[in-house]
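What follows is each chain in one-letter form.
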Amino acid sequence: MAELTSDHPGTLLVLCGPSGVGKSTISRLLAENHGVTYIVSATTRPKKDGDEKGKIYDHIEKLEFFRRLDNDEFLEYAQVYGDYYGTPKKAALDNMRAGKDVLLEIDVQGALQVRYQYADALMIFILPPDERTLLQRLTDRGRDSAEEIQKRSRAAKREIHMAKGSRAFDYMVINDNLDQAVAEIIRIIHHKKAGI
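Everything quoted here is computed from the prediction, not taken from an experiment.

Visitor: Before we move on, can you summarise the sheet that holds strand β4 (residues 57-59) with the specific residues and values?
Guide: Pairing is mixed across the open sheet formed by four strands, whose spatial order is β4-β3-β6-β5. Strands with a single pairing partner mark the edges of an open sheet, and in this sheet they are β4 and β5 (74-80). Across the sheet, the axes of successive neighbouring strands diverge by a mean angle of 25°, strand direction being ignored. The strands touched by helix α3 (residues 89-97) are β5 and β6 (83-88); relative to β6, the strand with the most contacts, the crossing angle is about 25°.

Right under this line is the structure:
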């Protein structure tokens, strides 16, 4: 088992969901308005046009990623669409030890690793209202080709199926209305802290 234990005063919040479901926007709002500390993931994925509008990454070379992996510097890691992603362990642990609530915005593979290592993590999966809405959101982002959008749409179906089947997630939140989804997540965090 990893170094994470329930005696850390901060809450470890894990947000997952398929591409286009609004995870990055929800994460940004939680960090900006609700005092949650967002942990930036490292990735080997090259920067893309439009990255500045979405999730923030620490872009590193593959060799550096594997060096960090070999040194046990990631809380979790995964390969997604051919690129590697990992959450820096030290940043997450240090913030939790300081009593801060920590937010990881990661994929299902990484979330399952976190669930295994840290049973007290608050695991939330963000769902789209329906398949048509998700497809529209992927298109509206303007970042991907039609082929890439179809690939992400197929992957979304698999991720949702995996998330529901794994029973690793404490809550499923539908992002039909952004403000309502954020408010629901805040309520969930408060209930967790209150031991409800």
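Visitor: Kindly report on the environment of P46, identifying the contributing residues and their values.
Guide: Positionally, P46 belongs in the loop between β3 (41-43) and β4. By relative accessible area, which is 55% here, P46 ends up exposed. When the C-alpha positions of P46 and D83 are compared, they lie 8.8 Å apart, and in sequence the two are 37 residues distant.

Visitor: Go over the pattern of salt bridges, please, and point to the residues and values.
Guide: One pass over the structure, following the stated rule, counts 13 salt bridges. Linking D94 and K90 is a salt bridge whose minimum nitrogen-to-oxygen distance equals 2.5 Å. Taken together, the positions of D94 and K90, both in helix α3 and four residues apart, correspond to about one turn of that helix. A relative accessible area of 60% means that K90 is categorised as exposed. Residue E131 is joined to K157 by a salt bridge in which the shortest nitrogen-to-oxygen separation is 3.1 Å.

Visitor: Please provide a residue-by-residue account of the sheet that holds strand β2 (residues 37-38), values included.
Guide: Across the sheet, which stays open at both edges, the five strands sit in the order β2-β7-β1-β8-β9 with parallel pairing between neighbours. Of all the strands in the sheet, just β2 and β9 (171-174) have a single pairing partner and so form its edges. Both strand β8 (residues 122-127) and β9 contribute to a ladder of four bridges, which runs parallel. The residue bridging L127 from the neighbouring strand is I174, located in β9. Helix α4 (residues 108-117) contacts β1 (12-16), β7 (102-105) and β8 of the sheet and is inclined by roughly 155° relative to β1.

Visitor: Break down the environment of K193 for me, with residues and values.
Guide: If you trace the backbone, K193 turns up in helix α7 (residues 178-194). You can call K193 partly exposed: its relative accessible area is 44%. Dropping the residues within four chain positions of it, K193 is found in contact with T11 and D101. Looking at K193, its side chain comes within polar contact range of the side chain of T11, at 3.4 Å.

Visitor: Tell me about the packing of helix α1 (residues 23-33) against α7, residues and numbers included.
Guide: α7 packs onto α1 with a crossing angle of 55° between their chain directions and a minimal axis gap of 10 Å. Between α1 and α7, the angle is such that the two are oblique. Handedness of the α1/α7 crossing: right-handed. Across the interface between the two elements, T25, I26, L29 and L30 from α1 touch L178, A181, V182, I185 and I186 from α7. Taken together, the residues that form the contact of α1 with α7 break down as eight nonpolar, one polar and no charged.

Conventions adopted
- Residues numbered from 1 in each chain as written.
- Predicted model: local features only at pLDDT ≥ 70, side-chain atom pairs only at ≥ 80, totals over all residues.
- Heavy atoms only, no water.
- Pairing = 2+ DSSP bridges.
- Helix = DSSP H or I, 4+ residues; strand = E, 2+ residues; numbered from the N terminus.
- Axes fitted to C-alpha atoms, helices over the stretch in contact; angles between N-to-C directions.
- Contact = heavy atoms within 4.5 Å.
- Buried < 20%, exposed > 50% of the residue type's maximum accessible area, 1.4 Å probe, protein only.
- Salt bridge = Lys/Arg side-chain N within 4 Å of Asp/Glu carboxyl O.
- Polar contact = N/O pair within 3.5 Å; in protein donor to acceptor, adjacent residues only side chain to side chain.
- Parallel < 35°, antiparallel > 145°, perpendicular 65-115°, else oblique.
- Left-handed = near helix turned anticlockwise from the far one by under 90°.
- Nonpolar A, V, L, I, M, F, W, Y, C, P; charged D, E, K, R; others polar.

Read these as geometric descriptors, not functional statements.
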